[in-house]
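Residues per chain, in single letters:
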Amino acid sequence: MKKTILLLMSVLMAVVAWAQGSSALDQLKADPRRSYGMDYPYTFTNQQQTKAPKGYSPFYISHYGRHGSRYYWNAMLYQELSKLLTMAHEKQILTPEGEAFFEKFMAAKDELTAGVSELSDLGWEQHQGIARTMYNNFPEVFKNGGNVLAISSLTGRCVLSMASFCQELTQCNPKIEIREQSARKTLNGVVPTDNQNPLKRKFTKVKARWEKNRDKFTFDESLRDKVVKRVFTNTDSLHNLHHIGSNLINLYTSLPNIGHEGMMGNLITDDEMVAQWEQSNLGSYSWVFEPQYEMIPILEDIIAKADAAIEGRSDHISDLRFGHDTCLGPLTVLMGINGADLDPEDPFEVKNCYQNWETCKASNIQLVFYRGKKATDDILVKLLLNGTEARLPIATDNAPYYKWADLRQFYQNRIDKNK
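Rules and cut-offs
Note that residues are indexed from 1 along each chain, following the sequence as it is written. Given that the model is predicted, a residue must reach a pLDDT of at least 70 before its local features are reported, and side-chain atom pairs must reach 80 or more before they are shown or counted; all residues, however, enter totals for whole chains, interfaces and linings. No hydrogens and no water enter the side-chain calculation; it runs on all heavy atoms of the structure. Numbering of helices and strands starts at the N terminus; helices are DSSP runs of H or I of at least 4 residues and strands are runs of E of at least 2. Radius of gyration: C-alpha atoms only; globule rule: 2.2 Å multiplied by the number of residues to the exponent 0.38. When a residue's accessible area, from a 1.4 Å probe over protein chains only, is under 20% of the maximum for its type it is buried; when over 50% it is exposed; and in between it is partly exposed. For this analysis, residues touch if any pair of their heavy atoms sits within 4.5 Å. Using a 1.4 Å probe, accessible areas were evaluated by the Shrake-Rupley method; residue-level cover was limited to the displayed protein chains. Positive charges come from Lys and Arg, negative ones from Asp and Glu, while His and the chain ends are left out of the count. In this description, the location of a charge corresponds to atom NZ of lysine, CZ of arginine, CG of aspartate or CD of glutamate. As defined here, a cavity is a set of points on a 1 Å grid over the protein atoms alone where a 1.4 Å probe fits but cannot get out. A pocket is an open set with protein on both sides within 12 Å along at least five of seven lines, and residues line them when an atom is within 4 Å of a point. Grid points are joined across faces, edges and corners, and a volume is the space filled by probe spheres set on the points. Each residue gets one label: Ala, Val, Leu, Ile, Met, Phe, Trp, Tyr, Cys and Pro are nonpolar, Asp, Glu, Lys and Arg are charged, and the others, such as Gly, are polar. Interaxial angle, 0 to 180 degrees, is taken between N-to-C directions of lines fitted to C-alpha atoms, where a helix line uses only the stretch in contact. In this scheme, roughly parallel covers angles under 35 degrees and roughly antiparallel covers those over 145, while 65 to 115 is roughly perpendicular and the rest are oblique. In this scheme the handedness of a crossing depends on how the near helix is turned from the far one: anticlockwise by less than a right angle means left-handed, clockwise means right-handed. Pairing of aromatic side chains requires ring centres within 6.5 Å, counting the rings of Phe and Tyr and the six-membered ring of Trp. Pairs whose planes differ by under 30 degrees are stacked, by over 60 edge-to-face, and all others tilted. As a reminder, the over-ring test applies to NZ of lysine and CZ of arginine, requiring each to be within 6 Å of the ring centre and within 35 degrees of the ring normal. Here, any two strands with at least 2 DSSP bridges between them count as paired. Only buried residues count toward a nonpolar core, which is a set of Ala, Val, Leu, Ile, Met, Phe, Trp, Tyr and Cys residues joined through side-chain atoms within 4.5 Å.

Enquirer: With reference to specific residues and values, describe the overall build of the chain.
Expert: The secondary structure content of the chain amounts to 14 helices and eight strands. Taking 2.2 N^0.38 as the reference for a compact globule, 419 residues should give roughly 22 Å; the C-alpha atoms of the chain span a radius of gyration of 23 Å, in line with that estimate. By the burial criterion, 54% of the 419 residues in the chain qualify as buried. Summarising the internal contacts of the chain: among those between residues at least 6 apart in sequence, 80% fall at separations of at least 24. Of the accessible surface of the chain, which amounts to about 19500 Å², a share of 50% is contributed by carbon and sulfur atoms. Across the chain, the mean location of the 48 positive side-chain charges is 7 Å away from that of the 50 negative side-chain charges.

So this is what it looks like as structure tokens:
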């Protein structure tokens, strides 16, 4: 009973702490590109790390990262826009702004179509920066070298993200030995939902509670119409204007990831993206909330490898995983990072527990393990989400540090309950 009360107090304190911090809307105001959600390019923070308790130092890091910035994942986007814009150009139904966009798009067309779904230069650089930041933040883990295991999904952009990260880490210290794997046998620890996973299991999917109150939130679809009218002088010959508007918005938010920001001029503005962010975030929350239990194998992998490192059955100083937003987003919910598992009924409260830009390109979770000087000292853990210290739904009197025994038991209970 006492532990239950402490846990409830901890969760309440986390919610209060969030309310007192920078709100989602304030963060959007500071950086409007956050409104791009999962298309938001990774941004490095200079957050000062909270000093570890006296006598403690980091010795092991467990990591899960999404691939870096990439070209749009589906070739249909580029193909449909190319066909549509070419037709409109020939029929002379493009506005001056639309014509300027057409010229820039066609100039980049070969690059775009060749690059579909592949890692961009920026994506490579993001993982270089994340690796070096990890090394600099926790030099005690890496200074003497040691063994690291890195596993990746079978997708090229994830394999290259892993390669970038690992190359940078070994450049920081050549004594670090890294084994990189992209194989079906390791999919359970990185993309358990992959149909090629020989250990794939079925898990219950759950609906976010805000969906029951969808009628309380007014969805504004006008941006699609506005964008279409800015591109075309006449839409009589166009079909499915809603889809065309969605394609244009999807292209707009993807452009900063591939070095073509500005291609669309002022056809869409960041202010307009900010105005519709809350409704897009609602959709994202439902999308990451539903499959959260399918990420249990990743959480099991994290626990098993951490146990092995702590108990001396493994000589790994770090375990690295490189996958997708389809895993990192739901894993964030499963672990309750920064309240992502609170599942509010009120649609207007969703933005207070989850922001879809936290599942951005190259987004990552790092669990940093600390050991005290005495053998009897508790193992402590803190979690970084995109380089920022995060809260977990676990009682602690030393945030952002948590006892591994408490954290492990909490997540093991969650796993056992939802297997």
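Enquirer: Describe empty space enclosed by the protein, listing the residues and the values that go with them.
Expert: Evaluated as defined, the whole model comprises one cavity of 30 Å³ or more. Lining the largest cavity, in full, are Asp220, Glu221, Leu223, Arg224, Ile249, Gln276 and Gln279. Class assignment of the residues belonging to the lining of the largest cavity gives a composition of two nonpolar, two polar and three charged.

Enquirer: Please provide a residue-by-residue account of the packing of helix 5 (residues 121–137) against helix 7 (residues 156–172), values included.
Expert: Running from amino to carboxyl end, helix 5 crosses helix 7 at an angle of 40 degrees, the nearest separation of the two axes being 8 Å. As far as their axial angle goes, helix 7 and helix 5 are oblique. As for how helix 5 packs across helix 7, the hand of that crossing is right-handed. Residues Trp124, His127, Gln128, Ile130, Ala131, Arg132, Met134 and Tyr135 of helix 5 touch helix 7, and the partners they reach there are Leu160, Ser161, Ala163, Ser164, Phe165, Gln167, Glu168, Leu169 and Cys172. When its residues are assigned to classes, the contact of helix 5 with helix 7 shows 10 nonpolar, five polar and two charged.

Enquirer: Any chance you could break down the packing of aromatic side chains for me, citing the residues and the numbers?
Expert: Summed over all chains, the structure comprises 16 aromatic pairs. Taking the centre distance of 5.3 Å and the plane angle of 75 degrees together, the rings of Phe410 and Tyr411 count as edge-to-face. For Tyr411, a relative accessible area of 1% translates into the label buried. Chaining the aromatic ring pairs together yields one cluster made of Trp210, Phe217, Phe219 and Phe348. When the ring centre of Phe59 is taken as origin, the NZ or CZ atom of Arg371, which lies over that ring, is 4.0 Å away.

Enquirer: Before we move on, could you go through the pairing of strand 6 (residues 380–385) and cite the residues and values that matter?
Expert: Consecutive residues of a regular strand have side chains that alternate between opposite faces of the sheet. Across the six residues that make up strand 6, a large majority, six, are buried. Residue alternation in strand 6 divides its side chains into two sets, Leu380, Lys382 and Leu384 and Val381, Leu383 and Leu385, and both sets are buried. Here two bridges tie strand 6 to strand 7 (residues 388–389), and the two strands are oriented antiparallel to one another. Among the inter-strand pairings, Leu385 is bridged to a residue of strand 7, identified as Thr388. In this antiparallel pair of consecutive strands, strand 6 and strand 7, the connection spans two residues, and Asn386 shows a positive phi of 55 degrees.

Enquirer: Any details on the nonpolar core? Residues and values, ideally.
Expert: Counting residues in hydrophobic clusters, the biggest one holds 41 residues, and the most contacted among them are Phe369, Leu383, Trp404 and Tyr411. Broken down by element, the residue count for this core peaks at eight residues, all from helix 12 (residues 296–311). In this structure, Leu383 is in contact with Met335, Ile337, Ile365, Gln366, Leu367, Thr388, Glu389, Ala390, Leu392 and Pro400, ignoring residues within four places of it in sequence. If you look at the next biggest cluster of nonpolar residues, it comprises 35 residues, including Tyr72, Ala88, Leu112 and Tyr252.

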